[in-house]
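Geometric and topological summary
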2 protein chains.
Amino acid sequence: MEKNVKITIQYDGSRYQGWQKLGDSTNTIQGKFEAILEKMAGHPISIQASGRTDAGVHAHGQVANFILDSSMSMEEIKDYLNQYLPDDIAVIKIEEVSRRFHSRLSAIAKTYRYTVRNSRIPDVFQRKYMFRVENKIDVKAMQKASEYLTGEHDFKAFTSLKKIKKSTIRTIYEVKIEQQQDDIIFTYTGNGFLHHMVRILTGTLLEIGKGNRQPEEISEIMMSGNRENAGPLVPAQGLSLMEVNY
Amino acid sequence: MEKNVKITIQYDGSRYQGWQKLGDSTNTIQGKFEAILEKMAGHPISIQASGRTDAGVHAHGQVANFILDSSMSMEEIKDYLNQYLPDDIAVIKIEEVSRRFHSRLSAIAKTYRYTVRNSRIPDVFQRKYMFRVENKIDVKAMQKASEYLTGEHDFKAFTSLKKIKKSTIRTIYEVKIEQQQDDIIFTYTGNGFLHHMVRILTGTLLEIGKGNRQPEEISEIMMSGNRENAGPLVPAQGLSLMEVNY
């Protein structure tokens, strides 16, 4: 009997070209899953994630689903996947869901985390999951700036997409910026994020944190709708998709 | 004026052949430090650690010292080292100490940690710092066995050294075995450890945890003085030198 299988996934994105399968490339998370699912089921199976993550981006709680006609139990499927997946990808949770569930279309909110190491001393054990900035950073100024981001806005200035056909309006429910020892953790929760949006928002907030811009400018940048006015795209390695809510 | 410089170091040992410099190999932690110190001082400088760590072993708190004739401040030396060291090695603390201080000879205790991931699901972000065991492990049995280890004993059965000229008697002050979610953390504090001792002790305790041996056997293995009676050498990647006390 056909089952709709929902899985929660973690991955260290360091050596992958991102979630989405590109042609014959198996160097994507989706490619890894589909190769194993095909072996397991005996025929091709396509897997759908809540959204693509870019090359080098990590996930602590990506969600994906696939339709499978199998007598295997959920626990058996999870074990099979974890047995054949490389050690930098893991299925941490599995459940059978209604046929109406779609990991992308059913998602109502996502949470991303960006980690900045603010020190001249690297964190040797977490170095691949953070972006190191040596400048002095004013967390309070960034927190003030982040207040302008919450709510429904047109985030066109904060995306790398050149040709934008679809709406660039998104709602950010919460932006948290916390200092934890030498790390600064940016947490963004919203109903959806445009391509590169979290990394450009973080790059812009860091410009404010360094004192190169004022918190109030965030508003002007947003209203301009012009990518050139925003800050730089910070590296993928500091970013992780933490949670998807349905 | 000559200064005796004590540094506390962290490293991810994954891609190194261990602490100790071997011939021309620069693929050692000591080799990395000596190359940078020579560049900084303009002449060769030798660095001494509290002890060697083997290939693949990590350190959260290795201690080393070197003699330097320089007008640089401690903070400047630390910054210089961190600037030129690769991202998987960091100097987290520096201080000028008395000329009598010797990182190896002055050490009175060391603490090592061995991390076992006891799950069919890998920890994708910490996977390089743990050894994964899927079997069911009885932590209580291992804790009982570990009681036989504390105190002064001849640990000859728990070392890989073939020709042993020096004493194999050591004192273990404390062995802690803690379950933290899916991880089992072994913490050993003693006045010194023989070659491979922590990894063979952990391998032996895991045999007990799996139910292949009884806790009381630890005592018999120790008294036999025979390496063949002890458990297997577990992989280097789960081991980290946490602290050296003086």
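Thoughts on the pairing of strand β5 (residues 109–117) of chain A
Residues and elements named next belong to chain A. Counting buried residues along β5, eight of its nine residues qualify, which places the element largely inside the surrounding structure. Relative to strand β10 (residues 239–245), β5 is paired through six bridges, and the arrangement is antiparallel. Following the sheet pairing, Tyr114 is matched in β10 by Leu239. Pairing between β5 and strand β9 (residues 183–190): eight bridges, direction antiparallel. When the sheet's bridge partners are listed, Tyr112 is paired in β9 with Tyr188.

Structural notes on the packing of helix α1 (residues 29–41) of chain B against helix α2 (residues 74–84) of chain B
Residue and element names in this part refer to chain B. For the pair α1 and α2, the least separation of the axes is 10 Å and the interaxial angle reads 125 degrees. By the angle between their axes, α1 is oblique relative to α2. The crossing of α1 and α2 is right-handed. Residues Phe33, Ile36, Leu37, Lys39 and Met40 of α1 pack against Ile77, Tyr80, Leu81 and Tyr84 of α2. When grouped by side-chain class, the residues that make up the contact of α1 with α2 number eight nonpolar, no polar and one charged.

Considerations on the domain arrangement of chain A
All names here are of chain A. Segmenting chain A into domains produces domain 1 (2–97) and domain 2 (109–245). Distance from the C-alpha centre of domain 1 to the C-alpha centre of domain 2: 28 Å. The interface is formed by 16 residues belonging to domain 1 together with 16 residues belonging to domain 2. Contact between domain 1 and domain 2 buries roughly 1,100 Å² in total, counting both sides, with carbon and sulfur atoms accounting for 51%. In terms of surface lost to domain 2, no three residues of domain 1 exceed Asp54, His58 and His60, which account for 41% of the buried area on that side. Here Arg199 makes a salt bridge to Asp54, at a shortest N to O gap of 4.0 Å. Taken together, domain 1 and domain 2 are joined by 13 residue pairs in polar contact (both at pLDDT 80 or more). A breakdown of the residues in the side of domain 1 that touches domain 2 according to their chemical character gives four nonpolar, nine polar and three charged.

Points about the pattern of salt bridges
Residues and elements named next belong to chain B. Applying the stated criterion to the full structure yields 26 salt bridges over all chains. Of the charged contacts, one joins Lys6 and Glu95 as a salt bridge, the two residues approaching to 3.5 Å between their closest N and O atoms. Of this pair, Lys6 sits in strand β1 (residues 2–11) while Glu95 sits in strand β4 (residues 89–97); the two residues are 89 residues apart in sequence, bridging distant segments of the chain. Its relative accessible area of 14% is what places Lys6 among the buried residues. Taking the relative accessible area as the measure of exposure, Glu95 reaches 29% and is therefore partly exposed. Between Glu95 and Lys93 there is a salt bridge whose closest N-O contact spans 3.9 Å. What makes Lys93 partly exposed here is its relative accessible area of 47%.

Some points on helix α3 (residues 139–146) of chain B
Residues spaced three or four apart along an α-helix point in a common direction, a consequence of the helix completing one turn every 3.6 residues. Residues and elements named next belong to chain B. By the burial criterion, the buried members of α3 are Val139, Ala141, Met142, Ala145 and Ser146. Down the axis of α3, the smallest arc covering the buried residues is 160 degrees, so these residues share one side. Among the structural elements, β8 (169–180), β9 (183–190), α4 (197–209) and α5 (217–224) are those in contact with the buried residues of α3. Its side-chain oxygen at 3.1 Å from the backbone nitrogen of Lys140, Asp138 defines the N-terminal cap of α3.

A closer look at the relation of the copies chain B and chain A
Under the fitted operation, chain B is carried onto chain A by 0.0 Å of movement along the axis and a turn of 180 degrees, and the coordinates agree to an RMSD of 0.0 Å. Here the two chains are linked by the operation of a two-fold rotation axis. The rotation axis passes nearest to the C-alpha of Gln126 of chain B in chain B, at a distance of 4.3 Å. Both copies share a contact surface, since 100% of the interface residues of chain B are interface residues in chain A too.

A few points about the interface of chain B and chain A
Every contact between the two is made by 25 residues of chain B and, on the other side, 25 residues of chain A. Across the chain B to chain A interface the summed buried area is about 2,100 Å²; carbon plus sulfur atoms make up 55%. Taken together, the links from chain B to chain A amount to six salt bridges. For the side of chain B that touches chain A, the secondary-structure elements that each account for two or more residues are β1, β3 (58–69), α2 and β4 of chain B. Top contributing element to the side of chain B that touches chain A by residue count: β4 of chain B, with four residues. Grouping the constituent residues of the side of chain B that touches chain A by class yields eleven nonpolar, five polar and nine charged.

Conventions we followed
- Residues numbered from 1 in each chain as written.
- Chains lettered and ligands numbered in written order.
- Predicted model: local features only at pLDDT ≥ 70, side-chain atom pairs only at ≥ 80, totals over all residues.
- Heavy atoms only, no water.
- Buried < 20%, exposed > 50% of the residue type's maximum accessible area, 1.4 Å probe, protein only.
- Helix = DSSP H or I, 4+ residues; strand = E, 2+ residues; numbered from the N terminus.
- Pairing = 2+ DSSP bridges.
- Axes fitted to C-alpha atoms, helices over the stretch in contact; angles between N-to-C directions.
- Parallel < 35°, antiparallel > 145°, perpendicular 65-115°, else oblique.
- Left-handed = near helix turned anticlockwise from the far one by under 90°.
- Contact = heavy atoms within 4.5 Å.
- Nonpolar A, V, L, I, M, F, W, Y, C, P; charged D, E, K, R; others polar.
- Domains from an automatic or database assignment.
- Buried area = accessible area lost by both parts, 1.4 Å probe.
- Salt bridge = Lys/Arg side-chain N within 4 Å of Asp/Glu carboxyl O.
- Polar contact = N/O pair within 3.5 Å; in protein donor to acceptor, adjacent residues only side chain to side chain.
- Arc of directions from axis to C-beta.
- Least-squares fit on C-alpha atoms with pLDDT ≥ 70 in both.

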